[in-house]
Amino acid sequence: MQKLLGKLIITLLGWKLNKNVPKEVYEKCVIIAAPHTSNWDYPLTMAAMSMFEVNMKYTIKKEWIESPLGWLFRALGGIGVDRFAKDGSKKISLVDAIANLFEESETLTIIVQPEGTRSLQKKWKTGFYYIAQKAQVPIVFGYLDYKNKSIGIEKVLYPSGDLEADMFKIMEFYKNIPAKFPEKFALDERFTKVK
């Protein structure tokens, strides 16, 4: 049903799908969702991912998943993050908490928006990189090209441990992707020039 609804949305809005990543890669990975400048980004991404048969998740505080509205967050792909160590003794970093989710799951695809907001940001959040590195999973480049009405998952990056070099590769990819509102999208200035 979800796949059929996704196909209907993509077809009615006139978008093309582009998937150049094998299924076994995106069954356990972190997907970058960029550019993120519009409220349309999420429903379009959900529609495309359902057609790609990607069981996409986004992270949310565990307390929200356990709240009365938890069913809605889960239905929309939310997965609760527990910030405490497995024995419950101490608080752990968000990176460690999400990496633990990968360790506990046979398949898990987490989508992240490194810009963090639809407003203009000149620095991306790099937590997604450290999550993928710690969990030993690939980073997949997801995109919404509003100019050409193309949505897809295009490229795979296995974190090398050299944040600067890897982020430069990510910026090189996204520099040619037109956002819905180009004035609200910026690459991370820290990683746009090779040093």
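Now for a quick tour of the structure. (Residues numbered from 1 in each chain as written. Predicted model: local features only at pLDDT ≥ 70, side-chain atom pairs only at ≥ 80, totals over all residues. Heavy atoms only, no water.)

### A closer look at the environment of Thr192
Then, number 1: Within the secondary structure layout, Thr192 lies in the segment after helix H8 (163–174).
Then, number 2: Overall, the relative accessible area of 31% leaves Thr192 in the partly exposed class.
Then, number 3: Distance from Thr192 to Ile31, taken between C-alpha atoms, is 20 Å for residues 161 residues apart in sequence.
Then, number 4: Of the polar contacts made by the side chain of Thr192, one reaches the backbone oxygen of Glu189; its length is 3.3 Å. (Helix = DSSP H or I, 4+ residues; strand = E, 2+ residues; numbered from the N terminus. Buried < 20%, exposed > 50% of the residue type's maximum accessible area, 1.4 Å probe, protein only. Polar contact = N/O pair within 3.5 Å; in protein donor to acceptor, adjacent residues only side chain to side chain.)

### What about the pattern of salt bridges?
Then, number 1: Tallied over the full model, the rule gives four salt bridges.
Then, number 2: Here Lys23 makes a salt bridge to Glu53, at a shortest N to O gap of 3.5 Å. Here the residue Lys23 occupies a position in helix H2 (residues 23–26), and Glu53 occupies one in the loop between helix H3 (41–51) and strand S3 (56–61), the gap between them amounting to 30 residues.
Then, number 3: We classify Glu53 as partly exposed; its relative accessible area is 43%.
Then, number 4: Two residues, Lys134 and Asp96, come together in a salt bridge whose shortest N-O distance is 3.1 Å. One end of the pair, Lys134, is in helix H7 (residues 127–135); the other, Asp96, is in helix H6 (residues 94–104), and 38 residues separate them in sequence.
Then, number 5: On the basis of relative accessibility, which here comes to 51%, the residue Lys134 falls in the exposed class. (Salt bridge = Lys/Arg side-chain N within 4 Å of Asp/Glu carboxyl O.)

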